[in-house]
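Coordinate inspection notes
Given next are the chains, with one letter for each unit.
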Amino acid sequence: MAAATKLSDYRDQLFKGSQGDLEKKLVNSTTLYVGNLSFYTREYQIHELFGKCGDIRRIVMGLDRFKKTPCGFCFVEYYDRDDAQNAIRYINATKLDDRVIRTDWDAGFEEGRQYGRGKSGGQVRDEFRKDYDAGRGGYGKMFGTMESI
Amino acid sequence: MNRGRRRQHEDDDYGGRYFKKRRTNSEHEIGDEDPLRTLIYDVGEKTKASVESSIEGVSKMLEVDLSSQKVKILETLLEVVTKQPEKCTIYSTLVGLLNAKNYNFGGEFIETVVKDFKERVKSEQWTLAEYCLRFISDLVNSHVISATSLLQLYDAFMDVAFDASSLQARRDWVVYAILNCLPWVGRELYDKKQQTMERLMITIDNYMKKRNKKHHGLLRVWLVDDPHPQEEYLDCLWTQIEKLKMDGWNEKHIIRPYLAFDNVLCEALQHNLPQILLPQQQGPVAYPLPSVVFRMFDYTDCPEGPVLPGGHSIERYLIEQELRAILCKYNEDRKECVAALLDYPHNHRVPLEYIIVEVIFGELFRLPVPEFLQICYASILLELCKRPGSLVPQALAQTTELLFDRIDTMNVSCVDRFVTWFAYHLSNNQFRWSWEDWSRVVGMDPQHPKPKFVSEIIQKCIRLSYYERLSELIPKSLESLLPPACEPFYKFDSQISGKIPGLAQATQLQAAFREKISMEQILGILKQVPNPLDPDLDMDLDKWSHNPLAIQVFAQTLFMLGSKTITHARSALLKYQGIFSTILKDTTEDGHLCVLKSAFEVWKKDTQMLGVAVDLLLKYRIVAFGSVANWIFTKDMQPEFTRIYLWEILHQTIRKMNKNISRLSKELAEAKEKVRMAENSSSDSETEEKSHPKDKALLDIPSDDQINAMEEKLEAQQAERKDSFLIIFQRFIMILSEHIAQCDTNGKPVNTPWYQWTVGRLQEVFMQHIDQVYQYSSTLETLLFTQDLDKNILEIFEQFKALKA
C-alpha cells in the first residue's frame, strides 16, 4: 500500500510550516488538488465525476485572484482518505470536458488558497504558457501581453 | 510474467512527471535484498532458457541449501503458492525435484502447506485456500503425494458436502474447491485410480443434482437465456469438468513442466496426505456468494483470427479465472493491470481482447455488487483502448449494441451500471457515437426500457458536460428523448402561478434573505403564512403549530436561494437549519414529507441537485432517513419509479445510514476500550487513583453517562434503520400488490414495463444491502413476506433467503 500513496514532486511553496509538516498533512489528507480544468468546467460536473469514488464533503473552485472567475483548478475534499485515493487511481489522467485532468494530494483547503498565484490573477502556468488553449483563456498571459505591444 | 524486470513509466499524462515503477509487489522488493527468495520468486520467468531448465537450475541450487536454509526455503515456497498461483505447476515441479532428492523435505513442505490451507479456511480467505488445495493436488502430478491419499481427501470433503447440518454455502465451497483442482490433477487420478475417480464423479454428480439453486434468479444479468444462458457458476463448472472427462481429461492450457522430469520424479517416494479436517469457524461466516457465468460473446462476434473457446470448454474457465485474478491483483493500478492483461501468456491462441472485455463486463455486472468501484472497470477499459492497434474499442462498440438490444430483459441494477459506464466512456471520447442508429426507439412506448435507456444515457452525459453540448450533438430524430433543461422551478412567482396562498410571505422572505435579517424576523414572516390545516389559527412564535404551507414557502425559497451551485445550496441549508428545527418541531412525518416534496417541486428537472438536496437535508438532520423512504413511495413519485435517479437517492440514503451506524459503533467500541484500559491500568497501579470524573475528563476517558448516551444513540439509529427497511419493503409490497389487483380487475396483463422495473427495484434493495436485510429476515418473514402474498413477490424473498442459506 505504501507505493500507492507515493507523493508527487509538487510541494506548495506558500505552505506555512516545515516540509515535514507539509508531508505529514499530505499523507493524511482527504483533499485533492485537481488541475488542467477548462475555465468553463462547473462544480456540478466535478461533483458528478469525483462522486464516483465516494461521498464528497465539498468542492472549492479555483478562482482568478482579481476577476473571481474560475481559472482552471479546484479542490475536492472527501470524507474518507480511501475515496480520495481511489480518485487518484481512477480519475487522474482521464478526461473531464475533453481535457485530461490531473489530481494530486493537497494539504487541505484554507481560505486564500482558492486564488491563482500568477501575476495576472490566474494560475502561474497560464502566465508562461506558449501554446493557445481555448479552454484556458487563449495564449499565456505573458505572451498575450507581449503581443499587444 | 516479467515480474523481475524494472519498468519505467514516462508519461505525459502525469504532467510530465517521471515515475520509476517496478512491476513487482512489495514482497518482491524485500526479496531483492535476499538472493534466496529472489531465486525462488523468479523461477520460470522469461529467461533465455526454457522453463524446465530454469526449474532444474534452481532446484540444484536449493538442494545444496536444503538443510542450512530449510526454514527460509519452506517459507518462501509456501508464499509463492498463494502469491504466484499462476505458476502452480512450476513450483510443484520444483517441490517434486526437491522431494526426489530429500524425502523429509517433501514431507515437511506438505505439512506446511496443509497447515496453511487450514488457516486460510479458518480465516475465511477462500480464494487463497483454493490455491492451496490446488497446489496440494498438483503435487500428485509431481509425485510428491500419492493419488490414493488425494482421492481420500476429496472423499472426506465430499462427506462434508453431504452434511446437511452445514450451510449450503459451505458445502458448495468444498465442492467448488475440489472441481477447481481437477483440470490439474484429473488425468493423473484417472490414470492411477480410475474406479475411485469414477465413484468420486458420481458422488459429485449426486451433490449437484440435489443442491438448492433458488438463488439463481437473483443473480442473473438477463432474465432470459437467449442467446446466452446465464448459468449458475457451479453448474457451469461441473459441466465443464464433465466435458473434460469426456475428452479423456486432456486439456491444452496448463503447462506441465513435471512431464520433462518424469524419469527423476517417478523414482521419488510419495507421501500420504495427513487427514485434513475442514476447520469450523466461530460465529457467523462470510462464505463466498454464488454467481452466474457471464457470457456475452459468441465465437462469431470475434474478428478473424484465433477462435473463442466454447462456453463449456475447460480452457474458457481457466482463462477467465486467470484474467479475473489479474484484475484483482492490479485493481489499484490501471496501467499495470492493462499491461498484465495484455501480457497474458496465452494471448495468441484466443481472441484475448474480447475475452478481457467479456470478463470485465462480467465483473461490472456482478450481482449483488461488483468487487471494485464501477469506475475502476471503466478506467481499465479506457486504458485498454489507448493501446495502438487495440481491438478493444471495436469490442466495446459491439458490446454496447449487444447490451442495448437485450436491455428489456436486463436486471435493473445492471442497466444502471451499463448506463453509468457508457455515459462515462463517452465523456472520455467526445461523446462520439452512432446516435442516429438509436432513433428507431423514438416511436416506442416511452416507458419501454429502450427509449428510457437512451434518455437516461443523455441525462448522465449532460451531468458530465452541459446541456448545449448534448443538444447539439444528438441528431434531430432523437430530440424527443432530450430531457428538459436542468432548471429549478419556483412556484411562488405571480407570473407563473398567480396569487397563490403564501406568495406574499415568499416574496418577503426572498427580500429578507438578501438583507440577511435575523432568525426571529424570518420566523415572523413565516408566522403569517396562512395555515391550510387551520385557517383561523393565530400563530404564536413560542408555540409553533404545524403549517405545511409555511414549510413549503420556507423550503422552496431557501432552495432557490441556494440554487446556483452545490456549494450555495450547502451554505444556505447550513445557515438556516435552525429555522427548520422550529417549523418542523412536532410535525413528525408530515413535516419531513413537506420538505422533501418541496425539494422535488423545485428540483424536478435537475435530478443531480435533487439528490444533493436530499443528501444535505439528511446531513443537517432536517429530515429523518425514514422520511426519505416514505417520500419515495408517495403517490406523486410513482411515475418517477422508472427513472434511475430516484433509486440512486434511495440507496445513497441507506448507505449514509449504514455509514453513521458504523461510525457510531466504532466510536462506542473505542470509548469502551479506553475505559477498559484505564480500569486495567488503575487496577495495576499501586496509587489510589480514584476515578474522579474530573480526572477522567482530563485523561479523555469517557464517563459512564457519555457511554450510555452513545449506546442510546446507536440503538436509536439501528432502530431507525430497521424501520426504514420495513417501510421500504412494506411500500413495495403495497404498490406491487395494488398493481396486480388492478390488472386482474381490468383484465390487463400484469407484466408492464413499469411492473418489471419495480420488481427489479425491489430485488435491488435485497441485493445492495444483503447483510443488513439478512439481519431482519425473520421480522420480514413474519410481518411482510407472508404466505398470502402474490407468489411472484414472495418468490423474491425466497430467492434472497437462498442466497445466504
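This part takes up the overall build of chain B. Across its full length, chain B holds 36 helices and four strands. Principal axes of the C-alpha set define a box for chain B whose edges measure 105 × 85 × 65 Å. Residue pairs in contact within chain B that sit at least 24 positions apart in sequence constitute 74% of those at least 6 positions apart. Carbon and sulfur atoms make up 51% of the accessible area of chain B, which totals about 36,300 Å². Considering chain B, the positive charge centre built from 96 side chains and the negative charge centre built from 113 side chains are found 2 Å apart.

All names here are of chain A. Read from one edge of the open sheet, four strands run β2-β3-β1-β6, paired in antiparallel fashion. Each edge of the open sheet is held by one strand with a lone partner, namely β2 (56-63) and β6 (102-106). Across the sheet, the mean angle from the axis of one strand to that of its neighbour is 25°, orientation sign disregarded. As paired strands, strand β1 (residues 31-35) and β6 are joined by five bridges and run antiparallel to one another. In the strand pairing of β6, Gly35 is matched with Arg102. The strands touched by helix α2 (residues 43-50) within the sheet are β1, β2, β3 (70-78) and β6, with β2 carrying the most contacts at an inclination of about 140°. Along the sheet, helix α3 (residues 81-90) makes contact with β1, β3 and β6, crossing β6 at roughly 150°.

Residues and elements named next belong to chain B. Enumeration over the complete set of coordinates arrives at 48 aromatic pairs over all chains. A network of ring pairs unites the aromatic residues Trp222, Phe294, Phe361, Phe365, Phe404, Phe418, Trp421, Phe422, Trp433, Trp435, Trp438 and Phe453 as a single cluster. When the ring centre of Trp184 is taken as origin, the NZ or CZ atom of Arg134, which lies over that ring, is 4.2 Å away. The ring of Trp222 has Arg406 lying over it, and the distance from NZ or CZ to the ring centre is 3.7 Å.

Counting residues in hydrophobic clusters, the biggest one holds 200 residues, and the most contacted among them are Phe50 of chain A together with Phe361, Phe554, Trp631 and Phe785 of chain B. Apart from residues no more than four positions distant in its own chain, Phe50 of chain A is found in contact with Leu32, Val34, Ile56, Val76, Tyr78, Ala87, Ile91, Ile101 and Thr103 of chain A. Within the second largest apolar cluster, 83 residues are counted, among which are Leu74, Val121, Leu139 and Leu182 of chain B.

Before going further, it helps to spend a moment on helix α33 (residues 753-768) of chain B. Taking 1.5 Å of rise per residue, the 16 residues of α33 of chain B would be expected to cover 22 Å, and the 22 Å separating its terminal C-alpha atoms lies within 8% of that figure. Burial runs high along α33 of chain B: 13 of the 16 residues are buried.

So, on to the interface of chain B and chain A. Facing the 37 residues of chain B at the interface are 36 residues of chain A. Both sides of the chain B and chain A interface together cover about 3,200 Å² of buried area, and 45% of this is carbon and sulfur. The interface formed by chain B and chain A holds six salt bridges in total. Measuring nitrogen to oxygen at the nearest pair gives 3.3 Å for the salt bridge that ties Glu48 of chain A to Arg463 of chain B. Counting only elements with at least two residues in the side of chain B that touches chain A, the list comes to β2 (18-22), α17 (374-386), α19 (412-427), α20 (449-464), α26 (566-583), α28 (607-619) and α30 (644-684) of chain B. Of all the elements, α17 of chain B adds the most residues to the side of chain B that touches chain A, at five residues. Looking at the side of chain B that touches chain A, its residues break down into 12 nonpolar, 11 polar and 14 charged.

Turning our attention to the environment of Ala550 of chain B. Residues and elements named next belong to chain B. Positionally, Ala550 belongs in helix α25 (residues 548-561). The class of Ala550 is buried, set by a relative accessible area of 0%. Distance in space between the C-alpha atoms of Ala550 and Gln521 is 14 Å, their sequence separation being 29 residues. In this view, Ala550 contacts Leu526, Val529 and Trp544; residues no more than four positions away in its chain are not counted.

Attention shifts here to the pairing of β2 of chain A. Every other side chain in a regular strand lies on the same face of the sheet, so the side chains alternate between the two faces. All names here are of chain A. The element β2 is largely enclosed, with a buried count of six among its eight residues. As judged from the six bridges shared by β2 and β3, these two strands associate in the antiparallel manner. From the neighbouring strand, Met61 faces β3, where its bridge partner is Cys74.

Now for the packing of helix α27 (residues 588-603) of chain B against α28 of chain B. Residue and element names in this part refer to chain B. Packing of α27 against α28 leaves a shortest axis separation of 9 Å and a crossing angle of 155°. Considering the angle they form, α27 stands roughly antiparallel to α28. Where α27 crosses over α28, the two elements pack in a sense that is right-handed. Residue-level inspection shows Val595, Leu596, Ala599, Phe600 and Trp603 of α27 in contact with α28, the latter providing Thr607, Met609, Leu610, Ala613, Val614 and Leu617.

A word on the confidence of the model for chain A. Averaged over all residues, the pLDDT of chain A equals 90, while 93% of them reach at least 70. Within chain A, the lowest mean pLDDT, 65, falls on helix α5 (residues 141-147) of chain A, and the highest, 98, falls on α2 of chain A.

Before going further, it helps to spend a moment on the confidence of the model for chain B. Residue and element names in this part refer to chain B. Summarising the model, chain B shows a mean pLDDT of 89, and 93% of its residues fall at 70 or more. This model gives residues 1-31 a pLDDT under 50, and the stretch forms 77 contacts once residues within four places in sequence are excluded. Two summary scores accompany this predicted model of the complex, namely pTM at 0.92 and ipTM at 0.93.

Below, the discussion takes up the pattern of salt bridges. Following the criterion strictly, the structure yields 54 salt bridges over all chains and no others. Residue Asp126 of chain A is joined to Arg129 of chain A by a salt bridge in which the shortest nitrogen-to-oxygen separation is 2.9 Å. The residues Asp126 of chain A and Arg129 of chain A share a single accessibility class, namely buried. In this structure, Glu648 of chain B engages Lys460 of chain B in a salt bridge whose closest nitrogen and oxygen atoms are separated by 2.6 Å. With Glu648 of chain B in helix α30 and Lys460 of chain B in helix α20, this pair connects stretches of sequence that are 188 residues apart. Connected via shared salt-bridge partners are Asp55 and Asp80 of chain A together with Asp615, Lys656 and Lys659 of chain B.

What counts and what doesn't
Residues numbered from 1 in each chain as written. Chains lettered and ligands numbered in written order. Predicted model: local features only at pLDDT ≥ 70, side-chain atom pairs only at ≥ 80, totals over all residues. Heavy atoms only, no water. Helix = DSSP H or I, 4+ residues; strand = E, 2+ residues; numbered from the N terminus. Contact = heavy atoms within 4.5 Å. Areas by Shrake-Rupley, 256 points an atom, 1.4 Å probe, with all protein chains shown as cover. Lys, Arg positive; Asp, Glu negative; His and termini not counted. Charge placed at Lys NZ, Arg CZ, Asp CG, Glu CD. Pairing = 2+ DSSP bridges. Axes fitted to C-alpha atoms, helices over the stretch in contact; angles between N-to-C directions. Phe/Tyr/Trp six-rings, centres within 6.5 Å; stacked < 30°, edge-to-face > 60°. Lys NZ or Arg CZ within 6 Å of the ring centre and 35° of its normal. Core = buried A, V, L, I, M, F, W, Y, C linked by side-chain atoms within 4.5 Å. Buried < 20%, exposed > 50% of the residue type's maximum accessible area, 1.4 Å probe, protein only. Expected span 1.5 Å × (residues − 1). Buried area = accessible area lost by both parts, 1.4 Å probe. Salt bridge = Lys/Arg side-chain N within 4 Å of Asp/Glu carboxyl O. Nonpolar A, V, L, I, M, F, W, Y, C, P; charged D, E, K, R; others polar. Parallel < 35°, antiparallel > 145°, perpendicular 65-115°, else oblique. Left-handed = near helix turned anticlockwise from the far one by under 90°. pLDDT = per-residue confidence, 0-100.

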